[in-house]
Amino acid sequence: MLHQGSPHRFRTFARSLAAALCLATLAVNPAVAQQKKISFLTWNISDQEELFKEWIAEFKKLRPDVDVEWLDKKGPEFPTYYQTQVIAGTPPDIINTQGGLWLEYAAAGGMVDLTPYMAKEADVRRRFNVDYLGNWTYEGKNYMLPFYISKTLLFYNKTMFKEAGLSGPPQSFDQMMDYAAKMSKGDKTGFMTLNFDWLYWPLFRMNGVELLTPDLKKASFNTPEAVKVLDALTKGTGNGGINKISWTGRWVEPNGAFAAGNVGMLHAHSPAFFFIRGQAPWINADTLGVTNVPGGWATPNSHGLGISKGSKHPDIAWEFLKMVTSEKWTEKFSARRKVLTGNIASDKTTLDKMKVDDPLAAAVLQTQLEQTDKLTGNWRLANDSRVKDAFYPEIQNAVLGRKTPAEAIKDAEVKVNRVLAR
Amino acid sequence: MSEAGTIQAPRTPGRRNVPRRAGAAGSKRRRELLLIWVFLVPSLLVFFLYRVLPLIWNLVLSFQQFSLFGVTRFTGFDHYVDMWNDEVFWITLKNTLIYMASAPVGIALALAVSLMVNSEVRGRNIYRTIVFLSYPLMTVAVGIIWRWLYDEKVGLFNFVLRSLHLIDKPLPFLQSFELALPAVLLANVWQILGFYMIILLAGLQNIPQNLYEAASIDGASGRQQFLRITLPLLRPAIFLAFVIGIMTSFTSFDLVYVMTQGGPSHSSELLINYIYRAAFELSRIDYAAALTVVQFLLLVVLTWLGNRLSGGDAGAVETD
């Protein structure tokens with residue numbers, strides 16, 4: 001009996017000893033016992049590593065009991081990484097998403113509703129531009145805070161405008177198409193647009209076309225106006241007024257083409273400016289003009305910060321969000337990255353400084369705060385990406401000559417309605 | 001009672017120790033087997049964890065309505081029915097089969113190049129290096145280079161074609177529904193040509209020279225030698241290149257992604273690109289799983305067909 005029981009007793013003794021040692025360690029060092037950890041995942045902004053380190057250091061001062069881990073993923077890797085982390089049960093506490101991706105997550109119940117937090121702390125809500133903040137609302141709940149904001153605008157090559165005898169930016173869609181045709185010559189084209197994330201939608205919206213019915217249940221774009229717009233875009237693409245890369249390129253190709261100095265107008269969002277300027281020595285205030293498109297409509301493509309539903313410490317994550325979106329930190333971020341953050345006070349300070357240091361960049365960013373009540377292409381659709389995927393290939397079919405505009409619009413309507421009905 | 005594993009030999013004086021020897025041999029064999037398994041198990045475990053298990057899970061997922069954040073439920077064949085009615089699936093499947101059909105073209109070209117660089121031509125090592133150089137290049141870099149080559153305004157192809165007065169207007173290679181896929185295919189063939197060449201070159205160099213000498217003495221022409229000696233003896237190398245070509249076609253994600261992103265309007269999109277988009281852009285992981293099952297089955301069928309066409313013993317280990 002003694003021989004049989006001894007190993008068992010020894011194991012019990014060893015376990016008890018280990019447990020006692022752990023407890024003793026925790027009792028001596030309560031910080032170890034209460035140490036928590038949150039992580040935040042950013043979207044392709046690894047160049048701001050120094051800033052994020054400063055954030056973490058500052059937060060450590062506020063909450064010594066919390067460790068913060070930062071991760072960054074490039075755009076195409078982001079959903080892959082985040083979704084696998086969600087499946088594994090270890091989603092990053094805070095995520096930074098671009099465009100409409102947050103909607104898919106929020107609609108599926110994967111994001112923390114920040115409305116109660118903002119209701120408790122109204123001063124936090126008041127920090128932000130209402131129109132931009134409103135972009136992250138789904139079914140009346142706010143799921144994200146602005147990280148850095150952007151919307152589409154019109155860049156124009158003043159030299160090409162002069163050569164074509166044009167005095168200033170176009171005032172209507174028809175004029176824009178007319179200008180584009182006038183500047184098209186040899187290797188030069190008059191107009192180009194970015195096409196991802198509904199960035200081309202203002203071209204339709206400025207002509208009164210609505211994508212969906214107000215209840216977002218059905219397509220409403222099959223109208224004579226939409227066919228007319230698409231017809232104009234098709235003709236423009238056919239006669240060389242509109243560069244074909246508009247409809248097939250994503251980011252590098254259209255911006256690169258504009259940077260080459262061969263394109264009269266570029267419809268893009270504000271980050272494109274810094275990319276283009278980095279490649280185009282010809283760009284200065286005398287050669288590049290910036291303005292809102294006729295009618296003032298623009299598609300936002302901002303970056304937001306939200307909290308994963310799977311976060312074990314949502315309250316701490318909220319504290320972190322509060323800190324990084326404060327005036328102090330948004331101002332630092334704006335200065336480093338030349339972006340606006342949606343924080344009203346710091347954006348004003350940033351613009352005031354920039355008007356002196358870098359007037360052209362200031363002019364670009366100034367457009368981002370104008371007519372923010374005319375944001376479009378930001379429908380609160382849980383299946384936004386699928387609607388986009390149903391609609392856009394038909395636009396390509398028309399502008400690149402496979403279908404007539406009327407056919408393409410009709411087919412797009414069928415496809416979009418099918419997605420909405422699913 | 002005899003011991004298990006021993007051989008009961010007749011009790012002749014010369015064979016007195018045979019049972020013991022047989023027992024020792026059996027034990028040695030068991031030890032060898034054990035050793036083989038010890039070496040095999042880690043690899044098999046990794047294979048099981050990273051290949052078999054995901055495959056099984058993928059199959060299960062294809063019958064479910066998967067929710068990233070909520071409850072996953074069984075939906076039977078819904079995704080397969082969806083697929084049947086999905087226009088994009090059929091387009092991408094057709095494109096994948098066309099893409100796959102470029103493998104034989106690439107192999108034929110590589111065979112011609114291999115024959116050239118295998119002959120006594122001067123500077124053949126330089127030619128081999130030049131042809132092979134495209135293969136180790138990063139596919140993304142290849143995609144970007146070719147994208148510029150195809151550019152409508154400043155691309156080299158359009159410049160050459162216009163300079164030779166072969167075309168009046170520049171061709172929008174990557175913006176055209178008809179040209180986008182062939183344009184990507186050409187870039188793919190260019191990149192993989194060097195790899196095919198190495199495989200075929202190795203096969204050519206394994207053909208005994210005396211066969212050609214004997215054939216020459218018998219009066220066989222160069223064409224006859226190629227058809228009766230080179231081609232039949234190159235069969236294993238051609239099969240290997242073919243299988244790799246097919247596999248590459250099915251997984252050639254990056255080149256399409258970089259050059260056209262599958263556009264315009266899905267005209268150059270492959271099944272693998274659609275699977276990626278369905279999972280990570282359209283958030284339809286379950287549907288992507290069903291697409292993957294179809295792709296996997298297609299690959300199995302095609303590999304089996306390839307094996308049958310090559311005589312049915314490809315990959316067999318020769319023991320003599």
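Colleague: Residues and numbers for the overall build of chain B, please.
Modeller: Helix and strand counts for chain B come out as twelve helices and two strands. In chain B, the order of α-helices and β-strands from amino to carboxyl end is α-β-β-α-α-α-α-α-α-α-α-α-α-α. Within chain B, the proportion of its 320 residues that are buried is 31%. Taking all contacts inside chain B whose residues are at least 6 apart in sequence as the whole, residues at least 24 apart take part in 65%.

Colleague: Give a detailed account of the nonpolar core, specifying residues and quantitative values.
Modeller: I94, W102, F155 and L230 of chain A are the most contacted members of the largest nonpolar core, which has 104 residues in total. Two domains share this core, each providing at least three of its residues, namely domain 1 (34-150 + 301-367) and domain 2 (152-299 + 383-421) of chain A. Not counting residues within four places of it along the chain, the set of residues in contact with F155 of chain A comprises F258, M265, L266, A268, F273, L288 and V290 of chain A. Of all hydrophobic cores here, the second largest spans 56 residues; its members include I107, Y150, L174 and V184 of chain B.

Colleague: Give a description of the domain arrangement of chain B that names residues and reports values.
Modeller: The domains assigned to chain B are domain 1 (17-61) and domain 2 (78-309). Summarising the inter-unit geometry, the C-alpha centres of domain 1 of chain B and domain 2 of chain B are found 37 Å apart.

Colleague: Break down the pairing of strand β7 (residues 152-157) of chain A for me, with residues and values.
Modeller: Residues and elements named next belong to chain A. The buried fraction of β7 amounts to six of the six residues, a majority that puts the element mostly inside the structure. Neither face of β7 is left uncovered, since the one carrying T152, L154 and Y156 and the one carrying L153, F155 and N157 both have all their residues buried. Inspection of the sheet shows β7 paired to strand β9 (residues 263-269) by five bridges, in the antiparallel sense. The residue bridging F155 from the neighbouring strand is L266, located in β9. Of the strand pairs in this sheet, β7 and strand β10 (residues 288-291) are connected by four bridges, and their pairing is antiparallel. The partner of N157 across the bridge, within β10, is L288.

Colleague: Can you lay out unusual backbone geometry for me, pointing to particular residues and giving the numbers?
Modeller: The residue after G263 of chain B, namely P264 of chain B, is reached through a cis peptide bond having omega -5°. Relative to the elements of secondary structure, P264 of chain B occurs in the loop between α10 (253-259) and α11 (271-280). Although it is not a glycine, K338 of chain A adopts a positive phi angle of roughly 55°. One can find K338 of chain A in the loop between α17 (327-337) and α18 (344-357). One non-glycine residue, H165 of chain B, adopts positive backbone phi at about 60°. Residue placement: H165 of chain B occurs in the loop between α6 (156-163) and α7 (180-205). Since 7 C-beta atoms lie within 10 Å of it, H165 of chain B is described here as exposed.

Colleague: With reference to specific residues and values, describe the sheet that holds strand β11 (residues 303-307) of chain A.
Modeller: All names here are of chain A. Strand order in the open sheet formed by five strands is β2-β1-β3-β11-β6, and the pairing between neighbours is mixed. Of all the strands in the sheet, just β2 (66-73) and β6 (145-148) have a single pairing partner and so form its edges. Strand-to-strand twist of the sheet, defined as the mean angle between neighbouring strand axes without regard to direction, takes the value 25°. Where strand β1 (residues 36-43) lies against strand β3 (residues 94-98), two bridges are found, and the strand directions are parallel. Considered in β3, the bridge of F40 is made with I94.

Colleague: Go over the sheet that holds β10 of chain A with me, naming the residues and quoting the values.
Modeller: All names here are of chain A. On the basis of which strands lie adjacent, the open sheet formed by four strands has the order β8-β9-β7-β10 and mixed pairing. At either end of the open sheet lies a strand with only one pairing partner, and these are β8 (189-193) and β10. Across the sheet, the mean angle separating the axes of adjacent strands is 20° when strand polarity is ignored. The sheet strands contacting helix α14 (residues 252-259) are β7, β8 and β9, and the helix crosses β9 at an angle near 140°.

Colleague: Could you give me a rundown of the environment of K338 of chain A, with the residues and numbers involved?
Modeller: For K338 of chain A, a count of 20 C-beta atoms within 10 Å corresponds to the buried category. Residues in contact with K338 of chain A, not counting those within four places in the same chain, are F274 and A361 of chain A.

Colleague: Which residues make up α7 of chain B, and what are the values?
Modeller: The first and last C-alpha atoms of α7 of chain B sit 38 Å apart over 26 residues, in line with the 38 Å expected at 1.5 Å per residue. Helix geometry: α7 of chain B is bent most strongly at I192 of chain B, by close to 40°.

Colleague: I'd like a description of the domain arrangement of chain A, backed by residues and values.
Modeller: Residue and element names in this part refer to chain A. By domain assignment, chain A separates into domain 1 (34-150 + 301-367) and domain 2 (152-299 + 383-421). Elements with a minimum of two residues in the side of domain 1 that touches domain 2: α5 (101-107) and α19 (359-367). Top contributing element to the side of domain 1 that touches domain 2 by residue count: α19, with seven residues. Among the residues making up the side of domain 1 that touches domain 2, the classes are represented as seven nonpolar, five polar and two charged.

Colleague: Describe the interface of chain A and chain B, and please don't skip the residues or the numbers.
Modeller: Frequently, the measure chosen for interface size is the accessible area that the parts lose on association. Contacts between the two partners involve 23 residues from chain A, matched on the other side by 20 residues from chain B. For the side of chain A that touches chain B, the elements supplying multiple residues, two or more each, are α4 (77-87), α13 (245-248) and α20 (384-399) of chain A. Ranked by the residues each element gives to the side of chain A that touches chain B, the list is headed by α20 of chain A, at six residues.

Scoring rules and cut-offs
Residues numbered from 1 in each chain as written. Chains lettered and ligands numbered in written order. Predicted model: local features only at pLDDT ≥ 70, side-chain atom pairs only at ≥ 80, totals over all residues. Helix = DSSP H or I, 4+ residues; strand = E, 2+ residues; numbered from the N terminus. Buried ≥ 20, exposed ≤ 12 C-beta atoms within 10 Å, placed from the backbone. Contact = placed C-beta atoms within 7 Å. Core = buried A, V, L, I, M, F, W, Y, C linked by C-beta atoms within 7 Å. Domains from an automatic or database assignment. Pairing = 2+ DSSP bridges. Axes fitted to C-alpha atoms, helices over the stretch in contact; angles between N-to-C directions. Expected span 1.5 Å × (residues − 1). Bend = angle between axes of the 7 residues up to and from the residue. Nonpolar A, V, L, I, M, F, W, Y, C, P; charged D, E, K, R; others polar.

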